[in-house]
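Listed here are the chains, written in short residue letters.
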Amino acid sequence: MKTKIQNRSTKDDIITKEIPMACSNEKLAVEFMEAKRWGDHPFCPCCASLDVYQMRSLDGVRQENFRWRCRDCRKQYTVRTGTVFEDSKIELRHWCFGFWRASTSKKGVSALEVHRQTGLSYKSSLFMLNRIRFAMADSVQDPLKGDVEVDETYVGGKPRYKGQSKRGRGTNKQPVVALVERQGRVKTKPVANVTGKTLKTLILDNVCKTSRIITDENPSYNGIGQHYEGGHESVCHSAKEYVRGDIHSNTIESFFAIVKRGLNGIYHAVSKEHLHRYMAEYEFRYNFREMEDGERTIQAIHSSQGKRLMYKECIA
Ligand SMILES: [Zn+2]
C-alpha cells in the first residue's frame, strides 16, 4: 500500500482544524483556551481548587465575560487569569491567531501582517506579538549537554551611515551568542560585547561540565576547554577549514541562517532593545521543531501561564 507522507505536519493534527475555528469566534476561542489550559479538570488559578463553576445568568446562559468562580477561595477569574493576555482588551480569538502564527511560521510573523489579517491596529498587533514572544522566552531551563556548538553573530540595527558595507565586528549591530546541542536544543543570548570574559561566562552558565565545546577560531574562546570534560575544539574558518571529522559548526550555522532570513525578510530592522524577544521566538520554534504545528501552538499557550503573575495578582 502506498503511504502518503506529504502534509505530515497537518494530516493528523486535529488542532489545525480547531485553531482556525477559535480564531473566528470569541466564544469558540474562550472554549478552546479553556480546554487547552485546563483539560477536563478546570481549576482555580488562584488556589488550584477543582471546586469551580462557570458563572451563568438566571436563564442558564453563560455570562458574556466568560467568568468562572471558585467555591473555595470565592474568587472570580477567566481563562486569561495568570497569563500574558490577562490585562489585554484584545479579543481572545486574536490571541489564538497570534499564538498560532508565531508558533508555526518558520521565519516569524510581523505585526503588520497580523494587523492586516485580523483588523487589529498595528500597535495592538505589536503589543500582542511582544507578549507572545515574552511567553516563549527561556524555553530551555536546563543546561545544554553533549556536543555544544557556540558561535556569535551580528543582527538587527541599521548601518551607521548609508552605503556602509562593513559587517559583523566593528558595526553597531547587536551581537547575539547562540549555544546549540547537536540534535538538541538552542539557547540564544544578546550580549553587550563579545570579549572572552562575556563569552566564557555565558558558556559556563549554560552548558554542563561534561560537554564538549565546539567553536570557530575566535581567540575569545581560548581556554574554555579546561572547564569541560569533553574539552574544546575549534574549526579555522579563516583558513577555509569547515569540517574536521565531527568538528564543525554546521548545526549553529543552520540555526543562524533561519534567524537571518527571518529578521531580514519579515522584520526588517529590529531595534536592539527588542531583539531578545525576536530571538526568543526563533529559539522557541527551534526547540519544539519536532512537534506538529498544533502541538507547538498549545505549547506556546501553556508557556504563557504564570508569566503574568509577575506583574499582577489574581482578580480579587
Ligand atoms: Zn480558588
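Residues numbered from 1 in each chain as written. Predicted model: local features only at pLDDT ≥ 70, side-chain atom pairs only at ≥ 80, totals over all residues. Heavy atoms only, no water.

Caption draft 1: Local environment of the packing of aromatic side chains. Under the defined criterion, the tally for this structure stands at 11 aromatic pairs. Taken together, a centroid distance of 6.4 Å and an interplanar angle of 15° make the contact between W68 and Y77 stacked. The same class applies to W68 and to Y77, which are both buried. An angle of 75° between the planes, with centres 5.2 Å apart, marks the rings of F255 and Y286 as edge-to-face. Taken as a pair, F255 in helix α8 (residues 250-267) and Y286 in helix α9 (residues 272-287) lie far apart in primary sequence, 31 residues in all. For the pair F255 and Y286, one class covers both residues: buried. (Phe/Tyr/Trp six-rings, centres within 6.5 Å; stacked < 30°, edge-to-face > 60°. Buried < 20%, exposed > 50% of the residue type's maximum accessible area, 1.4 Å probe, protein only. Helix = DSSP H or I, 4+ residues; strand = E, 2+ residues; numbered from the N terminus.)

Caption draft 2: Up close: the coordination of the zinc ion. Within the protein, the zinc ion binds to C44 (SG), C47 (SG), C70 (SG) and C73 (SG); these donor distances fall in the range 2.3 to 2.4 Å. Relative to the metal, the four donor atoms surrounding the zinc ion lie at angles of 104 to 115°, and the coordination shape comes out tetrahedral. In the primary structure, the donors to the zinc ion are separated according to the pattern C-x2-C-x22-C-x2-C. Residue C47 is found in the loop between α3 (26-38) and β1 (52-54), and its partner C70 is found in strand β2 (residues 68-70); the two are separated by 23 residues along the sequence. (Donors = N, O, S within 2.8 Å, 3.2 Å for Na, K, Ca; no water. Tetrahedral: all angles 85-135°; square planar, octahedral: opposite > 155°, others 65-115°.)

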